[in-house]
Amino acid sequence: MGAERFNQKIGWKYFGSELKIAREEKGLSQQQLGALIFVSGSYVGQFESATRKPQPDVAERIDEVLGTNGRFTRMCNELIDSSLFEHYFAVIAELELQALSICEYGGQLFPGLLQIEAYTRAIYLACQPLIPVEELDQLVTARLARAKLLEGPTRPVYWVIIDESAIRRPLGGPAAMAEQLRHVTELAESGAIILQVVPLSAGGHALQEGSMRLMTFADAPPVAYVEGPLVGQLLDDPIAVGKCEMLYDLVRASALSREASLARIRSAAEEYAREQ
């Protein structure tokens, strides 16, 4: 069954409605089920209303508690697999659509929400030099589509910090980098994002080993997401999220001011433009 047909038949709303039926058949409240699967009752309510998507390990616990013989695990995995994103990022792509704020440290790359096409292609080709053109086009299209999140009055507050190495590494060549830097500058100047740069002169800092994002929501606790090559992890434990918030604050303290950050990016864009 193709992804499109599957989502029409049993999308996340279907998952949620079936979860509610199975829970009520067991005579459990949302709070009672939440306690048994180690999440809050409000989380269960969000799963049932499809405002939040469970991770596979949570779906497995649901099956164990409700005795549903792996049904919810299979649905969860199929829905994640039907996404154009890597399995570990599919849930994050859904959550960012619901976020009130996103604070992100992009490390040595501009985050996906800020990337232009040429820059995105260069990243994928660096990691997968033999990728078929058709698959590459699909991945690039999916990533660029996420940037629509930053448009309109309902966009989240998006605060992004990057390492200066992201500015200095010429992914896609001088022309692509000049365009990429002008793009993020325009977003910052328009008020769509808050952008800061951690200068190379800052030396070591709290998140130098990877990338991270923090997301807050109107009706759910905050979460953190950390990512490395071929792997990503969503953290919702309050203690772990609190530690991630501290790491982000430490990086923010090492960054240049917004004005100084934009000045450095504009200068680099001019340098790349002269190299064309």
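Residues numbered from 1 in each chain as written. Predicted model: local features only at pLDDT ≥ 70, side-chain atom pairs only at ≥ 80, totals over all residues. Heavy atoms only, no water.

> Whenever I open this one, the overall build of the chain confuses me. Can you help?
Tallying secondary structure elements over the chain gives 13 helices and six strands in all. Radius of gyration (C-alpha) of the chain: 20 Å, near the 19 Å computed for a compact globule of 276 residues. Overall, the C-alpha framework of the chain stretches about 70 × 40 × 35 Å when taken along its three principal axes. For the chain, the proportion of its 276 residues judged to be buried stands at 47%. The contacts in the chain between residues at least 6 apart in sequence include a share of 72% that link residues at least 24 apart. Taken as a whole, the chain presents about 13,800 Å² of accessible surface, with 54% of it coming from carbon and sulfur. Separation of charge centres in the chain, based on 26 positive and 36 negative side chains, amounts to 3 Å. (Helix = DSSP H or I, 4+ residues; strand = E, 2+ residues; numbered from the N terminus. Rg over C-alpha atoms; globule rule 2.2 N^0.38 Å. Buried < 20%, exposed > 50% of the residue type's maximum accessible area, 1.4 Å probe, protein only. Contact = heavy atoms within 4.5 Å. Areas by Shrake-Rupley, 256 points an atom, 1.4 Å probe, with all protein chains shown as cover. Lys, Arg positive; Asp, Glu negative; His and termini not counted. Charge placed at Lys NZ, Arg CZ, Asp CG, Glu CD.)

> Sorry if this is basic, but what is going on with the side chain of Gln180 here?
Here Gln180 shows up in helix 11 (residues 174-190). For Gln180, the residues in contact, after removing those within four places along its chain, are Phe110, Leu114, Gln115, Ile116 and Tyr119.

> Whenever I open this one, the nonpolar core confuses me. Can you help?
The biggest cluster of nonpolar side chains holds 63 residues, and the ones touching the most others in it are Phe110, Leu114, Leu181 and Ile193. Examining the composition of this core, we find that six residues originate from one element, helix 11, more than from any other. Beyond its immediate chain neighbours, meaning those up to four positions away, Leu181 contacts Phe110, Ile167, Ile265, Ala268, Ala269 and Tyr272. By size, the runner-up hydrophobic cluster in this structure holds 14 residues, among which are Tyr105, Met212, Cys244 and Ala255. (Core = buried A, V, L, I, M, F, W, Y, C linked by side-chain atoms within 4.5 Å.)

> Just checking my understanding: could you explain the sheet that holds strand 1 (residues 101-105) for this structure?
Pairing between sheet strands relies on hydrogen bonds along the backbone, with the strands arranged either parallel or antiparallel. If you walk across this open sheet you meet the six strands as 3-2-1-4-5-6, and the pairing is mixed. Each edge of the open sheet is held by one strand with a lone partner, namely strand 3 (194-198) and strand 6 (231-235). Pairwise comparison of adjacent strand axes, ignoring direction, gives a mean angle of 10 degrees for this sheet. Of the pairings in the sheet, the one linking strand 5 (residues 223-228) to strand 6 comprises five bridges and is antiparallel in character. Note that in strand 6 the partner of Val226 across the bridge is Gln233. (Pairing = 2+ DSSP bridges. Axes fitted to C-alpha atoms, helices over the stretch in contact; angles between N-to-C directions.)

> Can you walk me through unusual backbone geometry in this structure?
Among all residues save glycine, negative phi is the norm, and among peptide bonds the norm is trans. With a phi close to 65 degrees, Phe38 is a non-glycine residue in the positive phi region. Turning to its location among the elements, Phe38 is positioned in the loop between helix 3 (30-37) and helix 4 (41-49). Notably, Asn69 is not glycine yet its phi reads approximately 55 degrees, a positive angle. By the element assignment, Asn69 lies in the loop between helix 5 (56-66) and helix 6 (71-81). The class of Asn69 is exposed, set by a relative accessible area of 68%.

> Explanation requested: the side chain of Glu104 in the structure shown.
Position of Glu104 among the secondary structure elements: in strand 1. There is a polar contact of 2.7 Å between the side chain of Glu104 and the side chain of Tyr158. Setting aside its immediate chain neighbours within four residues, Glu104 contacts Pro111, Tyr158, Trp159, Val160, Ile161, Met212, Arg213 and Tyr248. (Polar contact = N/O pair within 3.5 Å; in protein donor to acceptor, adjacent residues only side chain to side chain.)

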